[in-house]
Amino acid sequence: MQGFRRMCAAVAVTAAAMTGCGGSDAGESTDERSGGRPATTSGGTQAPVGKVELTKVADLDAPLGMAVRKGDQALYVIEQPGRVRAIRDGRLDPRPVLDLRADIASGGERGLLGIAFSPDGRYVYLDFTDKNGDTRVAEWAVGRDGKVDQGSRREVLFQKQPYANHNGGQLAFGPDGHLYIALGDGGSGGDPQGNGQNLGTWLGKILRIAPRPGGGNAYTVPRDNPFVDRQGAKPEIWAYGLRNPWRFSFDPVTGDLWIGDVGQDKWEEVDRQPGRSKGGENYGWSAREGRHRFKGDRPAGAVDPVLEYPLHKDSACSVIGGHVYRGKKLAGLTGHYVYGDFCAGWVKEVPVGSSGPQKGADPRTLLTGVAQLSAFGVDQAGELYVLSLNGPVYRLDPAT
């Protein structure tokens, strides 16, 4: 049972391995604009969010993440087996932007897992597992025309992985211009190496670096990182106590960092770091799972999640962190955090205030039936996209 639960919780799982892990489709309607996949809108009286639907914009091979580039209208999507693809003017470019399939171990929770462009658009950064299953972050130069210089590859960061799962993989540049990197606790189950609470390893952390070379090093560590001067601590660490922070995002208005951290046996959680934070938050794993004891005492100063939900309820298995919506198309959704679950296939939203979800506001279901929901993305206008490991990339649109 535990092994099957972890298979279902593997966000970057191949479609074949996930047979039987999806939620029930009882009572769901079919949205013809989303390729015949179920996509029901929510009812109820909590409002005034308008009804939404999914519009399929492309089909890819196991899409896992999306990014945009300054001065470029294309949507860049990563495929788990190792290709970067571009969607231009609503059409998928048949030629890959980059093809790393010869260098990547893909399958299970391995593969091409993260993408981010530098704020000036001159570089693209990818997070992937190599043929040995270890994590690498690499950089390529990007021309003004959007073409990647294939020969410009530069290794930025390497992390040996003790197990095949919990690789994290999210990359994003923060409002401060630094690159944030998610790494899971190293894998297996229950954090057997105690990495989540160990500041002497990158595993179970979000890192913060300036990724361009400096001082003879592949990257530099910002001097205001929280553990720069702590003996025995890795200076790259920005936040810790995380199990598998598969997807995180920054609110472009407030700078708040929203982290979807995949749970172990009972609880899925979303953590929030305020935009004014100086870093160093401890989100509790593996002493805590969500707001609950897992093993050991509660760490001093541990930060509880702002959202949690139980595993297995309505087939839920793995939280997929999303975005605070800042687009213009979706009436009433501005300032709401949107997130999902890989197995259950629902997309939910909750209005946010100055310290997280608004007091007394319960998450509300926007959509159900998104098969193998793997990630969210936003375009240049802040509009939301939903990715399915089955292949489709959807845009979230007002219902017609």
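The structure we're discussing is the one just above.
Being a predicted model, the structure only gives us computed values, none of them experimental.

Turning our eyes to something else, we now look at the sheet that holds strand 12 (residues 171-173). Spatially, 12-13-14-15 is the arrangement adopted by the four strands of the open sheet, whose pairing is antiparallel. Each of the sheet's edge strands pairs with one partner strand only, and the pair in question is strand 12 and strand 15 (237-239). Mean inter-strand twist for the sheet, computed between neighbouring axes without regard to direction, equals 35 degrees. The pairing of strand 13 (residues 179-183) with strand 14 (residues 205-209) spans five bridges and is classified as antiparallel. Considered in strand 14, the bridge of L179 is made with I209.

On to the packing of aromatic side chains, then. In the structure shown here, the tally under the stated rule is 11 aromatic pairs. Taking the centre distance of 4.9 Å and the plane angle of 65 degrees together, the rings of Y180 and F250 count as edge-to-face. One end of the pair, Y180, is in strand 13; the other, F250, is in strand 16 (residues 247-250), and 70 residues separate them in sequence. Each member of the pair, Y180 as well as F250, is classed as buried. With centroids separated by 5.8 Å and ring planes inclined at 80 degrees, the aromatic side chains of F227 and Y240 adopt a geometry described as edge-to-face. Here F227 is found in the loop between strand 14 and strand 15, whereas its partner Y240 is found in the loop between strand 15 and strand 16, with 13 residues between them in sequence. The exposure class assigned to Y240 is buried, which follows from its relative accessible area of 12%. Grouping aromatic residues by their ring pairs yields a cluster made of W258, Y309, Y337, Y339 and W346. The lysine or arginine in question, R247, covers the ring of W246, its NZ or CZ lying 3.8 Å from the ring centre.

A few words now on the sheet that holds strand 17 (residues 257-261). Reading across from one edge, 16-17-18-21 is the order of the four strands in this open sheet, with antiparallel pairing throughout. The open sheet is flanked by strand 16 and strand 21 (307-310), the only strands paired with a single partner. In this sheet, neighbouring strand axes are inclined to one another by 10 degrees on average, regardless of whether the strands run parallel or antiparallel. For strand 17 and strand 18 (residues 267-273), the ladder comprises five bridges, and the chain directions are antiparallel. Bridging from a neighbouring strand, I259 pairs with D271 of strand 18.

Moving on, we get to unusual backbone geometry. Residue S286 is bonded to the preceding W285 through a cis peptide linkage, with omega at 5 degrees. Although it is not a glycine, D191 sits at a positive phi angle of roughly 55 degrees. In this model, H312 sits at a positive phi of 75 degrees, which is unusual for a non-glycine residue. Among the residues examined, H312 registers a relative accessible area of 45% and is labelled partly exposed.

Turning next to the pairing of strand 29 (residues 392-398). Strand 29 sits mainly inside the fold: six of its seven residues count as buried. Pairing between strand 2 (residues 52-59) and strand 29: seven bridges, direction antiparallel. Bridged to A58 within strand 29 is V393. For strand 28 (residues 384-388) and strand 29, the ladder comprises three bridges, and the chain directions are antiparallel. Bridged to Y385 within strand 29 is R395. In textbook terms, the turn of a hairpin is the stretch between consecutive antiparallel strands, and for strand 28 and strand 29 this stretch comprises three residues, one of which, G391, has a positive phi near 135 degrees.

How each quantity is defined
Residues numbered from 1 in each chain as written. Predicted model: local features only at pLDDT ≥ 70, side-chain atom pairs only at ≥ 80, totals over all residues. Heavy atoms only, no water. Pairing = 2+ DSSP bridges. Helix = DSSP H or I, 4+ residues; strand = E, 2+ residues; numbered from the N terminus. Axes fitted to C-alpha atoms, helices over the stretch in contact; angles between N-to-C directions. Phe/Tyr/Trp six-rings, centres within 6.5 Å; stacked < 30°, edge-to-face > 60°. Buried < 20%, exposed > 50% of the residue type's maximum accessible area, 1.4 Å probe, protein only. Lys NZ or Arg CZ within 6 Å of the ring centre and 35° of its normal.

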